[in-house]
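Overview (structure and organization)
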Amino acid sequence: MRKTFRLGLAAIGMAVGLSAAASAQELTLYTAGPADLADRLAKGFEASTGTKVNVFQATTGKVMARLEAERANPQADVVISAAWQSALELKERGDLLEYVSPNAQTVPDSLKDSHYVAQGAAALAIVWNSKSGKPRPSDWSDLAAPDYKDAVTMPDPAASGAAYGLVSALVTTQADAAWKTFGGLKDNGMVIAGANAQALNPVLQGAKAAVMGAVDYIALAAKEKGESIDVIYPASGTVLEARPAMILKSTRSPDLAKQFIDYMLSEEGQAMVADTYMLPARADVAAKRPGWSELTVLEVDHNEAPAKRQELLTRFKTAVGAQ
Amino acid sequence: MERQGGGLILGLSLSALALVVALPMLFVFLQALFPYLTEGSFRDPFGSITRTLSEPRLPGLLGNTILLGISVALCSLVIALPLAVLRGLTKLPAAPLWDLLLLIPFMVPPYVGAFSWILTLQPGGFSTQLLGIDGGSLIFSFTGIVLVMSLHLFPVVYFALSRTMATVGGRFASVARVCGASPLRAFLTVTLPLSTPGLAASLLLVFALSIEEFGTPATLGAHAGFHVLVTAIHLRFTDWPIDLPGAAVLSMLLVVLALGAFLLQHWIITRRTYVSVAGKSARDEAAPLGPWRLPAVALFSAVSLVAVVIPVGAVILSALSRTLSGGLSPDNLGLENFAAIFANRGGALDALRTSLSLAVGAALCAGLLGTLTAFITVRSTLPGRRMMDFLSLLPNALPGMVVAVGLILAWNREWWPVPIYNSMAILLLAYVCLLLPYPVRYVGAGLRQIGESLDAAARVSGAGFGMTLRRILVPLIAPNLMVSMLLVFAIASRELVSSIMLAPPGVSTVATFVFGQFEQGSPGLGMAMSVIAIFSSTALLVALNQMQRRVSVSAD
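Remember, it's a predicted structure, so these values are computed and weren't measured experimentally. (Residues numbered from 1 in each chain as written. Chains lettered and ligands numbered in written order. Predicted model: local features only at pLDDT ≥ 70, side-chain atom pairs only at ≥ 80, totals over all residues.)

1. Digging into the overall build of chain A
The number of helices and strands found in chain A is 11 helices and 10 strands. Computed over the C-alpha atoms, the radius of gyration of chain A is 22 Å, within 12% of the 20 Å expected from 2.2 N^0.38 for a compact globule of 323 residues. Across its three principal directions, the C-alpha atoms of chain A cover 65 × 60 × 45 Å. Looking at chain A as a whole, 53% of its 323 residues are labelled buried. The long-range fraction of contacts in chain A, counting pairs at least 24 apart against all pairs at least 6 apart in sequence, stands at 75%. (Helix = DSSP H or I, 4+ residues; strand = E, 2+ residues; numbered from the N terminus. Rg over C-alpha atoms; globule rule 2.2 N^0.38 Å. Buried ≥ 20, exposed ≤ 12 C-beta atoms within 10 Å, placed from the backbone. Contact = placed C-beta atoms within 7 Å.)

2. Quick notes on the overall build of chain B
Along the backbone of chain B there are 26 helices and 0 strands. Taken over the C-alpha trace, chain B has a radius of gyration of 24 Å; the compact-globule value for 556 residues is 24 Å, and the two agree within 12%. The C-alpha extent of chain B, read off along each of the three principal axes, is 65 × 65 × 45 Å. Looking at chain B residue by residue over its 556 residues, the buried ones come to 56%. Once local pairs closer than 6 in sequence are excluded, the contacts in chain B between residues at least 24 apart make up 80%.

3. Some thoughts on the packing of helix H21 (residues 437–447) of chain B against helix H23 (residues 465–492) of chain B
Residue and element names in this part refer to chain B. Relative to each other, H21 and H23 sit at 155°, their axes nearing to 8 Å. Looking at the two axes, H21 sits roughly antiparallel to H23. The element H21 and its partner H23 pack so that their crossing is right-handed. On the side of H21, the interface is formed by Tyr438, Pro439, Tyr442, Val443, Ala445, Gly446 and Leu447, while H23 contributes Leu473, Ile477, Asn480, Leu481, Val483, Ser484, Met485, Leu487 and Val488. (Axes fitted to C-alpha atoms, helices over the stretch in contact; angles between N-to-C directions. Parallel < 35°, antiparallel > 145°, perpendicular 65-115°, else oblique. Left-handed = near helix turned anticlockwise from the far one by under 90°.)

4. Points about the domain arrangement of chain A
Residues and elements named next belong to chain A. Examined at the domain level, chain A breaks down into domain 1 (25–121 + 240–290) and domain 2 (122–239 + 299–320). If you average the C-alpha positions of domain 1 and of domain 2, the two centres end up 27 Å apart. With 12 residues of domain 1 at the contact, the number on the domain 2 side is 11 residues. At the level of secondary structure, the elements contributing two or more residues to the side of domain 1 that touches domain 2 comprise helix H4 (84–92) and strand S9 (240–247). Examining the composition of the side of domain 1 that touches domain 2, we find that 3 residues originate from one element, H4, more than from any other. (Domains from an automatic or database assignment.)

5. Quick look at the confidence of the model for chain B
For chain B, per-residue confidence averages 83 on the pLDDT scale, and residues scoring 70 or more make up 94% of the total. Scored as a complex, the prediction yields pTM 0.84 and ipTM 0.80. (pLDDT = per-residue confidence, 0-100.)

6. Brief notes about the interface of chain A and chain B
A common way to state how big an interface is: give the accessible area lost once the parts meet. Across the contact, 67 residues belong to chain A and 58 residues belong to chain B. A class-by-class count of the residues in the side of chain A that touches chain B yields 33 nonpolar, 23 polar and 11 charged. (Nonpolar A, V, L, I, M, F, W, Y, C, P; charged D, E, K, R; others polar.)

The following block contains the structure:
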């Protein structure tokens, strides 16, 4: 008994000791996936500046929830999210430090602001299992055709900002035609399945044939690993989800944080972004995937009122028959 | 002297409980009351409560949650009861082996388990590829959700009930037999009723666990169109803007549900006394199975097949597959994923080490604190002991995400003398907080069966509080304590939700690693990690068990 207690105390003591090692010359980065990219950026930054970067990597939702819960005593210096919208909101609340990196000159205007700048961007695409026996789709509306009965999944627009952006952009640009597509998807029994991974996995195993609006770089990486899938950018256009990088105003090392943003936007940093099959933010860094010129990008209104968003979500859910 | 010793232990365990459980719970509660708490402001009190509770979808979510909790509890009971009877009352062949096997479902993270069932049963899945069976309509339905969750949670009932029945033992039943009762009647009128504390406690745990579990409802429920409170809570964490107050309010509803179940359980076990271990020594009187040996083993094998072999098999198969779309053809199978793990890609081995050591730490701390708490709630006459009992159940009813937020709000403050937050200690704290209910329930159930005459005898003989606890009560409740600590270990080694939120930067655990791989489209790598984690924690358990047995043999 007493021994158990002592062991417990020892465990606590050890853990506390580990934490006390943190020093001032360190930077804390909270970032959405992929973990490999975050680790490479951290190591590269440490190699070039000697500053250690502590990385917390999770989904955008978890990163934001943690930021929110930590507001009383913020821990992060730099945050990279996978949802552009989150940067707008953090800026509006006054949580962000203003900074324009000299390396951001070749970043397109739509991907930067006075307080945040894109690390890179992903597009939503149709991911199609080429062994599925279904005809190769070329546009969103193809997935609403009878061929695709019980064969389509989609990430949930209520849970994924990018998927919502797609719905909203299609409705804005196509109006009635978009609602007709959604109606066809309902008839096809499309499954709305949580996050991106949950929509993609059934297509990988062949239970479904195509994802409507999958995050492209993840699918491109899976294809590279040998999965029999194709990533198709619909002719009528798709949406980009840029990944904002920002410095929290509460940071204790603003200069290091700015250096990190510079490094992320350097040619070296942007090459690491390109290696994940994302679109690098800088237009002058080559992408390892269909680049700016090959995509028809639809505008997304990031300043939409929450009530309007809720209304569209409800209408969409009814249209596709989701409970 | 004896009073002082008792008082000290009492005071220490009360403050530990306050720090580990009450503090984060308090912050969750405050967050529900004051939506702007994270900014340090108390404006708009109750604002979030009215907003959240007036949502039209809420009654449906609440109804689904209760339906799910009750269905899973009943289904777990149906699976576990016959197994527990055989294990507790008869000379079951290879009993330790079955115990070990039935602990494995618990070491499979729920989201991995649900995912492996999908990979097995969905059209084009392993069952289609191997047997030509398409179980898609079964798995993506309410029945599917209940079955998957019950197959994961029934060990809670099995372990509690088999240990309780073994303690109640054949002795009381023998008395009934001597008085002329048939074996069945002796079981129904003596053994089963006397096992009520263990039964009620474990069903309460299963109910609380299934209303807060996220993995399975999230993966299967979305397909089936079946939504529960936890999925609604989770949505508030993922959808921008993040709504922490709303999540806290919905969590309070889960607490109310758990409170209802707790009161019911409390009413059941306090209506009468269940003391069955008194001063007389009880011999192990397990009944021989005779001709029933074979059917008994067949039953255990069948349950192990469905609960362990199939899901773990699916995890292994997908870990061996180079690509998911390649299917189970020989040229698509290989060990690349395992090689990547052993090459420590993405810090896989560090994650494994972190998880295993945290799990051992959590089992020790939760075992100690849980035993003391159970002792106070069952044996002391302290005012507020029932409150303590309920408090120790609370973390089980709250979703891990919400407990994690409570822990951040409580510990991410500059005024703590030692920085707990952003260190490994916060994870240990989280696990102990989340898993404390197991030792409290299991040990409490054991204590309720031990006659107070034993404590009294010890005290008359001059033993103090501490010595009574150490020499009399702890040895008597050791089987319950051991099993609960094994469960704590099993769950802590794969806990996901709070780990994701609380892991200090740079630290990953088995679960956060696996989840990250799933998210980023490398399920094979995640599955390989799951296989290694499941087998290494099983191996560690076996080793600990052997060690403990050797120690107890030498103590005899």
